[in-house]
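One letter stands for each residue in the lines below.
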Amino acid sequence: MAFWIAISPHNHIQKTTSALMRLVIYATIPGILAQWYFFGWGNLIHIFLATTTALVAEFFVLSLREKKIPQQIFDGSAVLTAVLLGVSLPALAPWWISVIGAAFAVVIVKQLYGGLGHNPFNPAMAGYVMLLISFPVQMTSWQPPLELMAHNLDFVNTLTMIFSGFTSEGFSLEQLKTHVDGYTMATPLDTVKTNLTLGLTISESMNNTVIGDHFGIGWEWINAAFFAGGIFLIYKKAIDWVTPFVFLFSLFVFTFISFMLSPDTSSSTMFHWLNGACMLGAFFILTDPVSGATSTKGRIVFAALAAFLVFIIRQYGGYPDAVAFSVLLCNMCAPLIDQYTRPRTYGHSESKGEGNA
Amino acid sequence: MDSIIQRIDKGQFWKFHGGIHPPEQKFITADQPIRTLPLPNELILPLQQHIGQAGKVIVNIGDSVLKGQPLTHSDHPMAVPIHAPTSGKVTQIKPSVIAHPSGLEELCLFLEPDGEDKWCTRNICTDFTTLSNEQLIEKIANAGISGMGGAGFPTHIKVNNSAEIEYLIINAAECEPYITADDLLIREQSPTIIDGINILHKIVSPKVVLIGIEDNKPKAIQALKNATKNIEYIKVCVIPTKYPSGGEKQLIQILTGKEIPSGSLPSSQGVVMQNIATCYAIADAVINDVPLIKRVTTVTGLGLNKPQNVWALLGTPVGFLLKNCEYHTQDTKQVIMGGPMMGFSLPSDRVPVVKITNCILAPSEKEISTKDEEIECIRCGQCADVCPAQLLPQELQWSAKAKDHDQLNKLNLFDCIECGACAYVCPSHIPLVHYYRIGKSEIREQKQLELKAEKAKVRFEARKARLERDKKAREEKQRLASEARKARMNSGTTEANNEKSAVAAALARVKAKKQQTPTNDDNATEAKSSQANPQIAAAIARAKAKKLAAKKEAEQTEVSATKNIEETTTPDVESTPEATDKPKDKKAQVAAAVAKAKAKKLAAKKEAEQTEVSATKNIEETTTPDVESTPEATDKPKDKKAQVAAAIARAKAKKLAAKKEAEQTEVSATKNIEETTTPDVESTPEATDKPKDKKAQVAAAVAKAKAKKLAAKKEAETAKARESQSENIEETTTPEVKSTTEVTDKPKDKKALVAAAVAKAKAKKLAAKKEVEQAKTQESQPENAEETITPEVKSTTEVADKPKDKKALVAAAVAKAKAKKLAAKKEAEQAKAPEPVPESVKDIASSIDDNQTSVHVVESSVQKKENQSDIKNSSHSGNTIKSLDEEVEQKENVKEDDKKSKIAAAVAKARAKKKEEKSAPITIEEDKKNRIAAAVAKAKAKKQQRSELN
Ligand code: SF4
Ligand code: SF4
């Protein structure tokens, strides 16, 4: 009797990479819903556009590279990239923003580096940064929350806005952004930054309409939803808790120190936590295994560094939000971090384990 | 230590890094008692079931063996025997598939049970405490016990440790899913196990014995606790279930918090670990004198209707176990030996249970999927999180795929215990362990290669240095010798002059006379040298010559004979140019004369060709030492001894010739002669400080005598040994060559010469042998021949350089002489081609003077060519002779000018016809004679070749 020959171990955890990716995608749903609730259909449309583009691009490249197309195209990584990109784009950005961004992320950032597992940068964030640098106007035109808008922004309006630049009623994005009182609204982070340059203190900025009662109308809830999704992922063991925890904790430490030193120019920790892409970054982007550090020690360093960069850029940099930039910078450092945070192998003395780096 | 025990008492343990919790699946078999199976129809017992050495089989096919009877034995400490698991008959001993991941075949002993299950006699030992540690260890070793948990390390080695041991850890963790063998064994046999532990405790004498057991075996824990209630030094440590807590290093870490440094043994940290099943086997062996012949094996998996633990006799084929547990066939059959994490799938159900087989897993398809698609690593780091060795599996995997061995070493690949935890968790389903195994074996292989290369380099350098040394020594010796000789020759004593002229005259006569009267030549030479017993020698020589002449018939043999001669001359090639520079001395001439005489004899004898070859060999061997010893020893009575020696040599040669019937016999005989002569030869230089001459000769004589005896004996043996000889040529010759060169380092003068002679002789023998073999083993021979020849040729040339002076001359002379004889015979046959002799003879006379030097050069070059072509030839089989001749001829034609060759031809022919006439011009001058002889030789060689071509 001849038997089937297999390699040990013979039993195997039931997890697979694509299942993992799918789980992460599901975990973004609360955040996306919150976005939809506070900002309308824009992001959903962008997610749809980005996903389609990403899949087409993936198919295209995979067929060029003669890989196993059906298996790889649905491994979830392209869709996840597209979703994350779509989530982070300004809701009313023109359609081609997400198309270019997704295509860039998949073709250049991921596949050109060798496909899944080989990309040094987080594709979504690399795409985002490329867009931000190439199309600063479109990429900084953030729509105010629906409740503050003077005009009705239903699905059709959003669609025409994204595809033609005008709502069906003929309003431009600029008009949409204008408050009933006649001033242009920005994101809370933007607002604070602008106000600081105008010489206003943080506490004065906090009275701005876009911030509302707490830390920013809509944004606080979106971040909270992403936080919930992240907790779900940790619960599911899909991501390691270390990275988000260290990231948020470091952000807290930095903001706290800053607040101690200069309360008038430093926003609160909660403001940082619940604005911009903070939670998205902490749970969905920094935890991307491919472009992150691998060992626990490395992840701690990686996350702390990211928090530091986010804080510095938000506080002193030229851009209001900084998650994308700091993620890319950390991605660059990841191999180095890995080198210097190799765990000590069992039975080897400490010095040797480190010295191998 | 104390704090550790306190912690243990409190039930606090350390943690090892990583680990996983695969589904345990132990429930499948945990609740049924261990079943005893009927005897299988056949037992397959691999000779080696442990790490280390296999023993030698001490039973024969067809033997009936009793249960418990040892089947192998070895004195190697790392070897443990195997025993007959039941009584029966040994049916075969042959390679068979064994329990190994690669489906390797190894030597197995097949036993057919007779069903009686009859024990051999046993000594039951009721109280092991009366035995000494040595006795206990011996019992353990003789019972064939090796680690039963996994690696199979011989137990007696592990416990026989001089290191101070603090902890004896008994591994009952059994962390692999599915397996319940130890669990059940503990439940059913805990008293015996405790006996085993006590025995180990006595041998190892640790401070404390820790039994590590995972908390998923409550019944076994209870059994152990009950059994150890009253034993203070045994502590049952219940550890949390986590794979791989049963790994040696992991369990040590859990229980003691100690890490075993990479590359060292646990005993270096005062820890010894034994598997709990081994403890049972030890108790059984020591107390009941039952060797390790059976073990508990978990036969499990949802592919079986009746999964359970069984007492399996070692050697039971897996198929038998499966049948007894009702394996229902499936499409994808997969049977795993060992657990699902570290076990390996079996290539066939003929694989037998061995000492380490704790589980046979026959999973259903649902249980263990056989189709996992590997995708790219996503660097999730989960593998690193679970790795108990704290490696970076993902980085290892990249480096292994890229074959970056340096990086693999840097990442401590060899600390991987292949537990499979990383591959278990990898979401990309990368078979990580597989890559590590490949990487490891590649690195091991590379290391082996490097080691080999290093050794070869060292050897090469040593050889180079030695050759350099030899060369220097040789040059120095040569310089001294030539100075001495010059001084003597120039002394102008009458003696010296006499010698010269006498020898010259002798030579002249030799040549003048033809084959009919070869003996006269010999006589002449000897007579001229005139000191002592010339008559005796002469008489002997003559007698022989006549006998020989009578024998001449077989012409065909000449062809091969020439070939032999050519081969035999090769070692001389290099020495000839140098040698010819000084043909002044007497000895050289004497030697020449001797050689010629021999050559004639040889020609005469030709029926058995190899016979000749070996004869000449012997002659050379015997003559050379004599000749050598003369210059040093015989400042006065030089001639005498030389002649005597020559005479003796000849006498022997003839005797040998007479004996020759079976040719191969000779060949091998000569080989033996050499072996036998070498010791003699060595002794001579030491002994002959004073009476050198005689002893040397005596020694030579003795050697020869032996040689003959051997030759006689060898006939019977060689018949058989011939095939093996041809294979062994290389092996046998190389040591000889080596020994000769070594010998030459010290008593350089004589031994070197002797060695040279020996070397030459060997070269010839080989040549002779080759012919013999060619006839038979034409296909197989070329390879061997090539290999065999090269060392010979090297050695001969090396050696030949050393004793240039005399031997070289002798050899040269011999060579020439032979060539002549052959030629002479040819002519006798060819006798048709008449040519204008007188003119050409005259031509010779005039041209010789001019062409002296060139003739020599040409001669040597011709010989060299022949030498080369011989070598080449011998490496090809079949019609070698023709191609050889063609080659030689072509080369000759290119280099030699027509004139010389014509002259030579003319001379040769002239001789063939009118022998008296020819001899006249030659007798005039010594120098000329030599040269003429050379020319003649060449010419004849050519002719011969031509005739052969035709
Ligand atoms: S198989 Fe090797 S690398 Fe993988 S977890 Fe086990 S020890 Fe670590
Ligand atoms: S578990 Fe597999 S996919 Fe994850 S890092 Fe390790 S090798 Fe790569």
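Just so it is clear, the structure is predicted and the values come from calculations on it, not from any experiment. (Residues numbered from 1 in each chain as written. Chains lettered and ligands numbered in written order. Predicted model: local features only at pLDDT ≥ 70, side-chain atom pairs only at ≥ 80, totals over all residues. Heavy atoms only, no water.)

A.B. asks: Outline the layout of surface pockets, supporting the account with residue identities and numerical values.
C.D. replies: Unfilled space is identified by rolling a water-sized probe across the atoms. Taken as a whole, the second largest pocket holds about 1100 Å³ of empty space. Looking at the second largest pocket, it is lined by 49 residues, and the ones nearest its centre are Lys237, Ala238, Ile239 and Asp240 of chain A together with Gln382 of chain B. Of the residues that constitute the lining of the second largest pocket, the class distribution is 27 nonpolar, 13 polar and nine charged. (1 Å grid on protein atoms, 1.4 Å probe; cavity = no way out; pocket = protein on both sides within 12 Å on 5 of 7 lines; lining within 4 Å. Points joined across faces, edges and corners; volume = space filled by probe spheres on them. Nonpolar A, V, L, I, M, F, W, Y, C, P; charged D, E, K, R; others polar.)

A.B. asks: Outline unusual backbone geometry, listing residues and values.
C.D. replies: Following Tyr243 of chain B, the chain continues into Pro244 of chain B via a peptide bond in cis, with omega recorded as -5 degrees. Look at Lys237 of chain A: it is not a glycine, yet its phi comes out positive at around 60 degrees. Relative to the assigned elements, Lys237 of chain A resides in the loop between helix 13 (219-235) and helix 14 (242-261). The phi dihedral of Glu418 of chain B is positive, around 55 degrees, even though this residue is not glycine. (Helix = DSSP H or I, 4+ residues; strand = E, 2+ residues; numbered from the N terminus.)

A.B. asks: Explain the packing of helix 1 (residues 17-27) of chain A against helix 5 (residues 77-88) of chain A residue by residue, including any values.
C.D. replies: All names here are of chain A. Contact pair helix 1 / helix 5: the axes reach a minimum separation of 9 Å and the direction vectors enclose 20 degrees. Between helix 1 and helix 5, the angle is such that the two are roughly parallel. By crossing handedness, the relation of helix 1 to helix 5 is classed as left-handed. For the pair formed by helix 1 and helix 5, the contact residues are Met21, Val24 and Ile25 on the first element and Ser77, Val79, Leu80 and Val83 on the second. (Axes fitted to C-alpha atoms, helices over the stretch in contact; angles between N-to-C directions. Parallel < 35°, antiparallel > 145°, perpendicular 65-115°, else oblique. Left-handed = near helix turned anticlockwise from the far one by under 90°. Contact = heavy atoms within 4.5 Å.)

A.B. asks: Give me the site of ligand 1: which residues, what numbers.
C.D. replies: With respect to spatial proximity, 14 residues lie near ligand 1, and among them Cys387, Cys416, Cys419, Gly420 and Cys422 of chain B are the closest. Class assignment for the residues of the shell around ligand 1 results in 12 nonpolar, one polar and one charged. (Near = heavy atom within 4 Å.)

A.B. asks: Break down the sheet that holds strand 16 (residues 359-361) of chain B for me, with residues and values.
C.D. replies: In sheet architecture, strand pairing relies on hydrogen bonds along the backbone and comes in two forms, parallel and antiparallel. Residues and elements named next belong to chain B. Ordered in space as 1-13-12-16-14-15, the six strands form an open sheet in which the pairing is mixed. On the outer flanks of this sheet lie strand 1 (35-36) and strand 15 (344-345), each paired with one strand and no other. Here strand 1 pairs with strand 13 (residues 308-313) via two bridges, running parallel. Of the residues in strand 13, the one forming a bridge with Thr36 is Trp311. (Pairing = 2+ DSSP bridges.)

A.B. asks: Could you give me a rundown of the side chain of Thr192 of chain B, with the residues and numbers involved?
C.D. replies: Tracing the backbone shows Thr192 of chain B in helix 5 (residues 181-204). A residue is classified by how much of its surface remains accessible, and Thr192 of chain B, at 19% relative accessible area, is buried. (Buried < 20%, exposed > 50% of the residue type's maximum accessible area, 1.4 Å probe, protein only.)

A.B. asks: Describe in detail the environment of Met279 of chain A, supporting the description with residues and values.
C.D. replies: Residues and elements named next belong to chain A. By the secondary structure assignment, Met279 is in helix 16 (residues 278-285). Considering only alpha carbons, one finds Met279 and Ala225, 54 residues apart in sequence, at a separation of 8.6 Å. Those residues within four positions of Met279 in sequence are excluded, and the remaining contacts are Asn223, Phe226, Phe227, Leu248, Trp273 and Phe284.

A.B. asks: Describe the packing of aromatic side chains, listing the residues and the values that go with them.
C.D. replies: All chains considered together, the criterion is met by 12 aromatic pairs over all chains. Measuring from centroid to centroid gives 6.1 Å for Phe249 of chain A and Phe252 of chain A, while their planes differ by 45 degrees, and the two rings are tilted. In this pair, Phe249 of chain A and Phe252 of chain A both sit in helix 14, three residues apart, roughly one turn of the helix. A network of ring pairs unites the aromatic residues Trp241, Phe245, Phe249, Phe252 and Phe256 of chain A as a single cluster. Over the ring of Phe110 of chain B we find Lys94 of chain B, and its NZ or CZ is 5.2 Å from the ring centre. Arg122 of chain B extends its terminal NZ or CZ atom over the ring of Trp119 of chain B, reaching a point 4.1 Å from the ring centre. (Phe/Tyr/Trp six-rings, centres within 6.5 Å; stacked < 30°, edge-to-face > 60°. Lys NZ or Arg CZ within 6 Å of the ring centre and 35° of its normal.)

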